[in-house]
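# What the coordinates show
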Amino acid sequence: MTPNSASVKSCLLAFFLVISGLNLAAVPSVNVKPAPAWLLPVTPAGKAASAKDVSGGYYMSFVDTQINLDQKTTYQKFVREIVTEAGIQNGSEFSVTFDPLYEHIDIHDVAVIRNGQRIPQMNVSDFKVIPVETDRQRFIYNGYYAASLILKDIRKGDKIEISYSRIGWNPVFQNKYSGSLSFYSFDYTSHIHAAVISKKGRKIFLREFNNPPAKTVKASGDNDVYEWDLKNVKNIPYDDYVPYWYNKQPFVQISEFASWEEVVNWGLGFYQTPPIGGALKAKVEEWKKSSNTKFEFIEKAIRFVQDEIRYLGIETGENSHKPHRPEDVFAQRYGDCKDKAFLLCAILRYNAIECDPFLVDSYKGARLSEYLPAPTDFNHVVVRIRIRDEGPRLNDADAFIFADATVSLQGGTLSTFSFPAYGQGLLLKAGQKKPMSVPLQHPGYVTAIEDIYLPAPGDTSLTGLIQAKTVYFQKDADEMRSYFQESVQAENEENYLNYYRDTYKHAQFEISDTLEYYDQREANNFSLVERYSMKNAWQFDSTRKKYYFNVLGKLLYDQLTILPNRKRKDPIHLKYPYHNTYTIRVHMPGPWNVPSESWNIERAAYRIAFKSQFIAAENVWELSYDYETLQDHVALSQAAEYRKDIEKLTNNLEFQLSDPGISSVSNVGSDDANWWMIVLALLTLAATIVALRKCYRYSPLAGQYHYPAREIGGWLIFISFSMAVQPFVLLASILVNLGGVYFTKSGWNAIAGYGDSGSLILYQIFLVVEMLLNVVFIAFASFISILFFKKRDSFPYFFSIFLGANLLFVLADSLVTSLLFGDIVTTASDGLGRDIVRQVITAALIIPYLQKSTRVKQTFVNTYGENLIHEPSQTSQAVDNVDSELS
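Numbers given for residues are sequential positions, taken from 1 along each chain in its written order. Only residues with pLDDT of 70 or above have their local features reported here, since the model is predicted, and side-chain atom pairs are shown and tallied only from 80 upward, although totals for entire chains, interfaces and linings are computed over all residues. By convention in this description, side-chain values take in all heavy atoms of the structure and omit both hydrogens and water.

## Considerations on the overall build of the protein
Definition in use: Numbering of helices and strands starts at the N terminus; helices are DSSP runs of H or I of at least 4 residues and strands are runs of E of at least 2. Each residue gets one of three labels from its accessible area relative to the maximum for its type: buried under 20%, exposed over 50%, partly exposed in between, using a 1.4 Å probe on protein chains only. The contact criterion used throughout is that any non-hydrogen atoms of two residues lie within 4.5 Å. Note on areas: Shrake-Rupley with a 1.4 Å probe; residue coverage comes only from the protein chains shown.
A tally of helices and strands in the protein yields 20 helices and 39 strands. Out of the 887 residues in the protein, the part that is buried amounts to 48%. Sequence-distant contacts, at least 24 apart, represent 75% of the contacts inside the protein between residues at least 6 apart. As presented, the protein carries roughly 42300 Å² of accessible surface, and 55% of it is formed by carbon and sulfur atoms.

## Some remarks on the nonpolar core
Here is the rule: Nonpolar cores are built from buried Ala, Val, Leu, Ile, Met, Phe, Trp, Tyr and Cys residues. Side-chain atoms within 4.5 Å join them into one set.
Counting residues in hydrophobic clusters, the biggest one holds 57 residues, and the most contacted among them are Leu 454, Phe 509, Met 534, Phe 549, Trp 621, Tyr 625 and Leu 649. Look past the residues within four positions of Leu 454 in its chain and what remains in contact with it is Met 534, Ala 537, Trp 538, Phe 549, Val 586, His 587, Met 588, Pro 589 and Leu 657. Core analysis: the next-biggest nonpolar cluster, separate from the first, contains 48 residues, Phe 270, Cys 345, Ile 347 and Ile 385 among them.

## Some details on helix α13 (residues 675-696)
Put simply, the rule is: By this rule, a helix spans an expected 1.5 Å times one less than how many residues it contains. Working definition: the arc comes from the directions between the helix axis and the C-beta atoms, pointing outward to the latter.
An ideal rise of 1.5 Å per residue puts 32 Å on 22 residues; α13 measures up with 31 Å between its terminal C-alpha atoms. Restricting attention to buried positions, one finds in α13 the residues Met 677, Ala 681, Thr 684, Thr 688 and Leu 692. The arc that holds every buried residue of α13, seen down its axis, measures 70 degrees, which confines them to one face. Exposed residues on α13 whose side chains face more than 90 degrees from its buried face are Trp 675, Leu 682, Leu 683, Arg 693 and Lys 694.

## Some details on helix α9 (residues 475-486)
Look at α9: 17 Å from first C-alpha to last across twelve residues, which is about the 16 Å you get at 1.5 Å a residue. Every buried residue belonging to α9 is among Lys 475, Asp 476, Ala 477, Asp 478, Met 480, Arg 481, Ser 482 and Phe 484, and all of these are buried. Elements in contact with the buried residues of α9: β25 (445-453), β26 (464-473), α10 (489-503), β28 (516-520) and β29 (525-535).

## Focus: the environment of Ser 50
Put simply, the rule is: Any pair of nitrogen or oxygen atoms within 3.5 Å is treated as a polar contact; in protein, a donor-acceptor pairing is required on top of that, and neighbouring residues in sequence qualify only through side-chain atoms on both sides.
Structurally, the position occupied by Ser 50 is in the loop between β1 (30-32) and β2 (58-68). For the pair Ser 50 and Tyr 188, spaced 138 residues apart in the sequence, the C-alpha separation amounts to 9.0 Å. Of the polar contacts made by the side chain of Ser 50, one reaches the side chain of Asp 53; its length is 2.9 Å.

## Topic: the sheet that holds strand β9 (residues 145-150)
Using the following cut-off: DSSP-based pairing: two strands are paired if at least 2 bridges between them are found. Note on geometry: axes are C-alpha line fits, over the in-contact stretch for helices, and angles between N-to-C directions span 0 to 180 degrees.
Pairing is antiparallel across the open sheet formed by three strands, whose spatial order is β4-β9-β7. Each edge of the open sheet carries a strand with a single partner, namely β4 (93-98) and β7 (128-131). Adjacent strand axes in the sheet meet at a mean angle of 25 degrees, parallel and antiparallel pairs treated alike. Pairing analysis gives six bridges linking β4 to β9, with the strands arranged antiparallel. Residue Phe 94 lies in a different strand from β9, and its bridge partner there is Leu 149.

## Let's talk about the sheet that holds strand β11 (residues 178-182)
Within a sheet, neighbouring strands are paired by backbone hydrogen bonds and run either parallel or antiparallel to one another. Taken together, three strands build an open sheet; the order of strands is β11-β16-β13 and the sheet is antiparallel. Of all strands in the sheet, those bounded by a partner on one side alone are β11 and β13 (205-209). Ignoring strand direction, the axes of neighbouring strands in this sheet form an average angle of 20 degrees. Inspection of the sheet shows β11 paired to strand β16 (residues 251-255) by five bridges, in the antiparallel sense. Considered in β16, the bridge of Ser 180 is made with Gln 253.

## A look at unusual backbone geometry
The step from Tyr 576 to Pro 577 runs through a cis peptide bond, and the omega angle for that step is -10 degrees. Mapped onto the elements, Pro 577 comes out in the loop between β32 (572-573) and β33 (578-587). Look at Asp 153: it is not a glycine, yet its phi comes out positive at around 55 degrees. Mapped onto the secondary structure, Asp 153 falls in the loop between β9 and β10 (159-167). The exposure class assigned to Asp 153 is partly exposed, which follows from its relative accessible area of 47%. Its identity is not glycine, yet Asn 210 carries a phi of approximately 60 degrees, on the positive side. Within the secondary structure, Asn 210 is located in the loop between β13 and β14 (216-220). Assessed through its relative accessible area of 33%, Asn 210 is described here as partly exposed.

## Re a nonpolar patch on the surface
As a reminder, the rule being used: A patch consists of residues whose relative accessible area exceeds 30% and which take part in no salt bridge; residues with like charges are grouped when within 9 Å of each other, and nonpolar side chains (Val, Leu, Ile, Met, Phe, Trp, Tyr) when within 5 Å. Should a side-chain nitrogen of Lys or Arg be within 4 Å of a carboxyl oxygen of Asp or Glu, the pair is scored as a salt bridge.
On the surface, Trp 715, Ile 717, Phe 718 and Phe 721 cluster together to form a nonpolar patch covering roughly 480 Å² of accessible area. Along the chain, Ile 717 falls in helix α14 (residues 716-742). Classification of Ile 717 by relative accessible area gives partly exposed; the value is 36%.

## Some points on the state of the cysteines
Selection criterion: A pair of cysteine sulfur atoms is labelled a disulfide when the two atoms are within 2.5 Å.
Counting across every chain of the model gives zero disulfides. Of all cysteine sulfurs, the one in Cys 345 lies closest to Cys 355, which takes part in no disulfide; the gap is 3.7 Å. On the basis of relative accessibility, which here comes to 3%, the residue Cys 355 falls in the buried class.

## Observations concerning the pairing of strand β35 (residues 606-615)
Extensive coverage of β35 is indicated by the burial of seven of its ten residues. As paired strands, strand β34 (residues 597-602) and β35 are joined by six bridges and run antiparallel to one another. Each bridged residue has a counterpart across the sheet, and for Glu 602 the counterpart in β35 is Arg 607. Between the end of β34 and the start of β35, which pair antiparallel, lie three residues. Judged from the ten bridges that link them, β35 and strand β36 (residues 620-629) form a sheet pairing that is antiparallel. Within β36, the position partnered with Ser 612 by the bridge is Leu 623. Where β35 folds back on β36, the antiparallel hairpin that results is connected by four residues, among which Asn 619 adopts a positive phi of roughly 50 degrees.

## Observations regarding the confidence of the model for the protein
Condition: Each residue carries a pLDDT score, the predictor's confidence in it, ranging from 0 to 100.
Of the residues in the protein, 88% have a pLDDT of 70 or more, and the chain-wide mean is 87. In this model residues 825-830 is a low-confidence stretch, pLDDT under 50, and it forms three contacts with partners more than four residues away in sequence or in other chains. Taken as a whole, residues 868-887 scores under 50 in pLDDT and shows 22 contacts with residues more than four places along the chain or in a different chain.

## Quick look at the side chain of Asp 361
Counting through the fold element by element, Asp 361 comes out in the loop between β20 (355-360) and β21 (380-386). Sequence-distant contacts of Asp 361, that is, excluding residues within four places in its chain, are made with Asp 377, Phe 378, Asn 379 and Tyr 422.

## Describing the pairing of strand β15 (residues 223-233)
With ten bridges joining them, strand β12 (residues 189-199) and β15 adopt antiparallel strand pairing. Bridge pairing links Ala 195 to Glu 227 in β15. Across five bridges, the pairing between β14 and β15 is antiparallel. Within the sheet, the bridge partner assigned to Ala 219 lies in β15 and is Asp 224. Linkage of β14 to β15, two consecutive antiparallel strands, is achieved through a turn of two residues, within which Gly 221 is found at a positive phi near 65 degrees.

Structure, rendered in structure tokens:
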């Protein structure tokens, strides 16, 4: 477990002195010895790597691992083949780490095979043995050394062959082995061989994971031999974002522990609390006197161990798993997870409070019980404490709490302490026979309210404002408390400011007030308040001639697992436990039309809720989100469903807000289509076309003699321009100007938030009628255009109907809009007035002209189904010269 803070300078000198003292007794070194006689003979096999399987310029053509339990020896051999020049750089070194307190390394062979010739490079003086601290970044010092060899004169095409043995086991495991054999490789390996050798009668337990190669069991003298062999091994890739516990690579777990109870008994030997004395006893007596209740005493003990015993582990030799004495940890004021857990148990037990160490693994989590019992199954120690031994409905959840002694600066009280979601663990208590589940203990949650104050669009003289208040509770408060204590306040302010600068790249952000935070440790909440001024909030779209502002819910978006757009093969990791209640409040400069919508999604692994509403009394558009994870992963079978759900959520985390109007908000990149309105429009269009086909047959001059139609001329030329473009103008008007109203969900709910639900229903009925009439007019306009250019005798009749109906439609539309929605839709009133005047003038001029004009009567004479062509006579030509356009 990574510590939260504290410098370790004061203990480094003492630590290295201890290590130096150990080295004076036994200087780490490597030995050159022949390979052990008990080795099983193996002939390397398998195919050479293809060019596309080579990584780093080399590959392993052979890897052999043989474990002799009675000799406490692990033999390893590998053959590395250098394929390209890059392999010379990347594959010419060898290193092995070991703990000199109980291990030593015997080198058996180092050779380079070039063009079939074997070139020995076995020179023990070339090995450099140096101390390494593989976990120093986590404040853990394990005393490991590395034996490293830099090979000489390596060339393309060489084979490097190295074999060695690691001899010795950590005595903390009491001569019982536990480990695993892996049958996978990050890069191509031609041949993997593994074997476990033990004396007959020695009981070992094996468990296979993910279909490793079949084992063979045979007797060899006094030994039992378990053997595995696998050839042509390729890496098995993982998808992005898989759970920590997920492992699909084949391996075999090996353990000599017969049961979980045996592991419990092994661990109990290290946590037997001796009577405490000295300064530690005096401190505990002081707490007992100053504590009014048992709860108060437990809280003091936990806070002391968490906050005043800094995290630092000296985990050399047996102390990799065995804790140091509580008095020593108290005196030096540092220790790792097991040291701090043991100290806490010693303090509590002194006051007759039941508590026990509890082993967990931060990676295996709730999958712990799937593994064989073994001490190596765990990587962390916490404590279970009894806080009640009587009361109604008493059960484990009420009677016990868990405490992690490595979580410093934890807030809350004893009954509200949070605890990480470790899933399962093993209680070190006599009689415990199996792992137990760890209940969620105040997992925490986050509430965030983001207020965005927008000036009027295009008004550059005014400055917008963003104010964000985020409150973290329980576990989340613990994390933020620790972060702010460790970090520099000035840097925090700059980082938080840059977060909004990066989110709204077009605007200019400045801090309008210092970053405020409030830590209420006893209540265990941590509040953060940010205030920023925002210049040039609105962007201008030169194509649409509109200002717009993108509303971005990035505070929640950053917590989601967003899947790449490709086929999924693995389960999906979720941040768990996690609960975020997020509200965005956009303060408008006036009334605005925004979508009104709400929906909920409930799944086994998560739940999502969303609501959009306009608060008319405040001119505030409020977007509310509630996202909670219920598991640490989404099963592969639910991946497609998860992708769809998260896409729906992310589509509603980004909106584009434009100038006020009926369609002033749209989801960026979302499917906002109102499909039933689209289908209704298409059905109406189809029905209108069917009706107009019948109207096309109407021919008032049918059966009458007439002269051939005149050419279009005079005032009809101007009408012809209108006939040519009118259908396209009407279609473009609906698609561009009204499509966002008729055919989107946001347009359908545009006035939600204004008035009551009855107003919304009237608006939606009005919208349907208006859309249907507009579709009819588009079809009718196309119909009369066809009649016009075919000079059909029915054109004057139908065009007059079209003009009259269009005038009535405009008048009725403006009247209903004004009466029912005048307080809402105000921006288009001037345009409607001009449109009415234009329609009145057009109808007043053209309808009489169509009825009385001689040119009209002589032009539109063709009847339906007419095939006869009449030759014009001299008389008719003479009549043509009389052009009385207005009679």
